[in-house]
Amino acid sequence: MNKLHWQTIGEGKTDLVLLHGWGLNAEVWQSLIPRLNSHFTLHLVDLPGYGRSQGFPTLTLKEMADIVFTHAPNDAIWLGWSLGGLVASRIALDNPEKVRALVTVASSPCFCAHEGWPGIKPEVLKGFEQQLSEHFHRTVERFLALQTLGTQSAREDMKALKEVVLAQTLPSVDILNGGLEILRTEDLRDELKKRHCPFIRFYGYLDGLVPRKVAEILDSEYQDSPSVIFRHAAHAPFISHPDEFSQALITACRNIIKN
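Residues numbered from 1 in each chain as written. Predicted model: local features only at pLDDT ≥ 70, side-chain atom pairs only at ≥ 80, totals over all residues. Heavy atoms only, no water.

**Q** Could you give an account of the pattern of salt bridges, naming the residues involved and the relevant values?
**A** Enumeration according to the criterion identifies 17 salt bridges in this entry. Across the pair Glu-27 and Arg-52 runs a salt bridge, and its minimum N-O distance is 3.0 Å. Of this pair, Glu-27 sits in the loop between strand E2 (14–19) and helix H1 (33–36) while Arg-52 sits in the loop between strand E3 (40–45) and helix H2 (61–69); the two residues are 25 residues apart in sequence, bridging distant segments of the chain. Classification of Arg-52 as partly exposed rests on a relative accessible area of 27%. The closest approach of N and O atoms between Asp-94 and Arg-90, which form a salt bridge, is 2.9 Å. Here the residue Asp-94 and the residue Arg-90 both occupy positions in helix H3 (residues 83–94), the gap between them amounting to four residues, near one helical turn. Three or more residues are tied together by salt bridges with common partners; here these are Lys-62, Asp-66, Arg-90, Asp-94 and Glu-191. (Salt bridge = Lys/Arg side-chain N within 4 Å of Asp/Glu carboxyl O. Helix = DSSP H or I, 4+ residues; strand = E, 2+ residues; numbered from the N terminus. Buried < 20%, exposed > 50% of the residue type's maximum accessible area, 1.4 Å probe, protein only.)

**Q** Let's hear about empty space enclosed by the protein: which residues, and what values?
**A** It is the rolling of a water-molecule-sized probe over the atoms that shows where space remains empty. Going through the model one piece at a time under the given rule, you end up with two cavities of 30 Å³ or more. The computed volume of the largest cavity comes to approximately 60 Å³. Around the largest cavity, the lining residues are Gly-85, Leu-86, Ser-89, Thr-104, Ser-107, Ser-108, Pro-109, Leu-192, Phe-199, Arg-201, Tyr-203 and Leu-218. Counting only elements with at least two residues in the lining of the largest cavity, the list comes to H3 and strand E6 (199–204). Quantified by volume, the second largest cavity comes out at close to 40 Å³. (1 Å grid on protein atoms, 1.4 Å probe; cavity = no way out; pocket = protein on both sides within 12 Å on 5 of 7 lines; lining within 4 Å. Points joined across faces, edges and corners; volume = space filled by probe spheres on them.)

**Q** Outline the sheet that holds strand E4 (residues 76–81), listing residues and values.
**A** Overall, mixed pairing links the seven strands, which are arranged E1-E3-E2-E4-E5-E6-E7 in an open sheet. The strands lining the two open edges of the sheet, one partner per strand, are strand E1 (6–10) and strand E7 (227–230). On average, each strand axis in the sheet is inclined to that of its neighbour by 20°, with strand direction left out of account. Seen against the sheet, helix H9 (residues 212–221) touches E6 and E7 and runs at an angle of roughly 160° to E6. (Pairing = 2+ DSSP bridges. Axes fitted to C-alpha atoms, helices over the stretch in contact; angles between N-to-C directions. Contact = heavy atoms within 4.5 Å.)

Shown next, in the form of structure tokens:
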């Protein structure tokens, strides 16, 4: 069975679709629900193959984006964290008349490091792929630990992310490797220059997976796309700083709606 898990919560007039990152599921947004559900109608999605969306084969970024979009309301704001940011970006690029705005969180249009472009070294991502087959749980935990490294609340944040993973069915090795392959190979930098919707970018200053240098480069290249950097956050600012994150998101979306 390959049915996408999609939960709708909230009373707001604006639809906000939330897409999680690699290895996780929609439970990662639980702390945001009480902070956002009076402002938005929230759509919480388990990406294909993750959490409660079981039975899907390994998918390309385009295939994953197409499956998720078929369930979505028109004119929604799409928010994607990390890998989810690539999915949300692909959806916004492919459906310009039906996406109100794109918000990425601790994400990059190109996660892999290239000459002149900061990111994760290709061999590190390849190493994770190899390690998943040998030490599945340990590799997932190591990747989660990298997401919270450097914050004052790193231990508590890591515990919260681990609980999210364990709360639902774990993705298969093939699904996780497929996600790593997307992170390793996708590059949407040029395409996003031609997007038609508003584009807001959130970052953690201490993020070890998406260096803050990415924000600086894109501030220059995407001059109509504002960025927000959470000074004391790492790769999961909505986990470590939910109040600050929620307020920044509400303010940013309010500005989009006004315009």
